[in-house]
Amino acid sequence: MNPTRPSSLPKFAADVEALTDLTLTVFRTHGALLQWGDKLVEPLGLSSARWQMLGSIALAGKPLTAPQVGEAMGVTRQGAQKQLNLLLESGLVSSHANPAHRRSPLYALTPRGRQLYLRAEKLWAARAAELAARIPLAQVQAAQATLDTMLRQLTPPGPSRETP
C-alpha cells in the first residue's frame, strides 16, 4: 500500500490500493517516456508524438486512417489527426483517398518519412538495449502481462470503430 496516502483520504482494500499505485506509476512512466522520447528524437526534428504516429503506420505495414492511428497508439482521433497534419505538412506522410470511407483518408509514410522513422528506430534500439540491461527480462514480461490484462479490462469489447 501507498504509505504516503494522506489520512484524510478514504482507505482502499489492498488490491484496490495496489491497482491505484500501479495506475499512478503508469501515468508517471508515460510522462517520463514522452520526455525521454522527445530528447531521443529531437536531433531528427521529431517529437515523441510525431514519432508515435510514424511508428503506428510503419508497424501496421499499410496505410491507416487517423482513427486507426489513434487507436493503435492509444490517443484520440483528434490528437492523431493533429500530428498527422503536421507530418503531412513536413512531407513525412502522404494522404490517399480511402475507398471505404470518403471523409477519412489513408495516411502512408513517404520515402522520407520511412527513412526518418528507421533512423529513430536505430536510436531507440540503442537506448532500449541500455535500459533492458538494467531491468530483468522476467520483470519486463510480468509488467507486459499485467498491463495487457489491465488494457483488455479497460477497453470496451467490439470491433474497431472504423475499418479501411
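Above this text is the structure in question.
In short, a report on the structure. All figures in this text were calculated on a predicted structure; none of them were measured in a lab.

## With respect to helix α2 (residues 48-60)
Line of reasoning, step 1. For α2, spanning 13 residues, the distance from its first C-alpha to its last is 18 Å, which sits close to the expected 18 Å at 1.5 Å a residue.
Line of reasoning, step 2. Elements in contact with the buried residues of α2: α1 (14-41), α3 (66-73), α4 (77-89), β1 (93-96), β2 (106-109) and α5 (111-132).
Line of reasoning, step 3. Taken from the residues just after α2, Gly61 is the one with a positive phi, measuring 75°.

## A few points about the packing of α2 against α5
Line of reasoning, step 1. At a minimum axis distance of 10 Å, the contact between α2 and α5 shows a crossing angle of 105°. The orientation of α2 relative to α5 falls into the category roughly perpendicular. Contact residues: α2 offers Trp51, Leu54, Gly55, Ala58 and Leu59, while α5 offers Gly113, Arg114, Tyr117, Ala120, Glu121 and Trp124.
Line of reasoning, step 2. For the contact of α2 with α5, the per-class residue count stands at seven nonpolar, two polar and two charged.

## As for the environment of Leu40
Line of reasoning, step 1. Locating Leu40 in the fold gives a position in helix α1.
Line of reasoning, step 2. It is 7.5 Å that separates the C-alpha atoms of Leu40 and Trp124, two residues lying 84 residues apart in sequence.
Line of reasoning, step 3. With sequence-adjacent residues up to four places away left out, Leu40 is seen in contact with Trp51, Leu123, Trp124 and Arg127.

What counts and how
- Residues numbered from 1 in each chain as written.
- Predicted model: local features only at pLDDT ≥ 70, side-chain atom pairs only at ≥ 80, totals over all residues.
- Heavy atoms only, no water.
- Helix = DSSP H or I, 4+ residues; strand = E, 2+ residues; numbered from the N terminus.
- Expected span 1.5 Å × (residues − 1).
- Contact = heavy atoms within 4.5 Å.
- Axes fitted to C-alpha atoms, helices over the stretch in contact; angles between N-to-C directions.
- Parallel < 35°, antiparallel > 145°, perpendicular 65-115°, else oblique.
- Nonpolar A, V, L, I, M, F, W, Y, C, P; charged D, E, K, R; others polar.

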